[in-house]
Amino acid sequence: MERLWLGNIAPGTTDDELKALVTKYAPDIECTEILRVEGDGSRPAASLAFGNRPLDALPKLNGMYWKERRLSASTTLA
């Protein structure tokens, strides 16, 4: 299963906001799981799962400026 790693998300960002962001750029995929990685709190991250769907949103999300932060996005296999 492919996962989307989003780093440097704004503190306080909700799961619903993350889902809405991904859905905006890849409306045909549905997020099935979100795992949070808070770290020290300065650059929170999340790992999002989408089942067995390829992630077409990645090129649009990596480097995007969202909620006063520049996102870092990459895919991983889980």
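This text goes with the structure placed above it.
To keep things clear, this report deals only with the structure shown in the data block. (Residues numbered from 1 in each chain as written. Predicted model: local features only at pLDDT ≥ 70, side-chain atom pairs only at ≥ 80, totals over all residues. Heavy atoms only, no water.)

### Details of the pattern of salt bridges
Applied cut-off: Any carboxyl oxygen of Asp or Glu within 4 Å of a side-chain nitrogen of Lys or Arg constitutes a salt bridge here. To qualify as a helix, a DSSP run of H or I must reach at least 4 residues; to qualify as a strand, a run of E must reach at least 2; elements of each kind are numbered from the N terminus. Using a 1.4 Å probe on the protein chains alone, a residue whose accessible area is under 20% of its type maximum counts as buried, one over 50% counts as exposed, and one in between counts as partly exposed.
Considering all chains together, one arrives at three salt bridges under this definition. K67 serves as the salt-bridge partner of E17, at 3.0 Å between the closest nitrogen and oxygen. Here E17 is found in helix α1 (residues 15-25), whereas its partner K67 is found in the loop between β4 (65-66) and β5 (69-70), with 50 residues between them in sequence. In this structure E17 comes out as partly exposed when scored by relative accessible area, which is 30%.

### Structural notes on the pairing of strand β1 (residues 2-7)
Filter applied, for reference: Here, any two strands with at least 2 DSSP bridges between them count as paired.
In this structure, β1 lies alongside strand β6 (residues 72-77), joined through six bridges in antiparallel fashion. Each residue of the ladder has a partner; that of G7, found in β6, is S72. One ladder, built from five bridges, connects β1 with strand β3 (residues 45-49); its direction is antiparallel. By the bridge assignment for β3, L4 is matched with L48.

### Some remarks on α1
Counted only if it meets this: The arc in question is the one spanned by the directions pointing from the helix axis to the C-beta atoms.
The complete set of buried residues in α1 reads L18, L21 and V22. For α1, the angular spread of the buried residues around the axis is 90°, confining them to a single face. Exposed residues on α1 whose side chains face more than 90 degrees from its buried face are D16 and K24.

### Quick look at the nonpolar core
How we decide: Side-chain atoms within 4.5 Å link the members of a nonpolar core, which is a set of buried Ala, Val, Leu, Ile, Met, Phe, Trp, Tyr and Cys residues. Any two residues having at least one pair of non-hydrogen atoms within 4.5 Å are treated as being in contact.
Ranked by size, the top nonpolar core spans 19 residues in total, and within it L4, L6, L18, L48, F50 and L61 carry the most contacts. Counting only elements with at least two residues in this core, the list comes to β1, α1 and β3. Counting residues per element, this core draws most heavily on α1, at three residues. Ignoring sequence-local partners within four residues, the contact set of F50 consists of E2, L4, V22, I29, E30, C31, T32 and L55.

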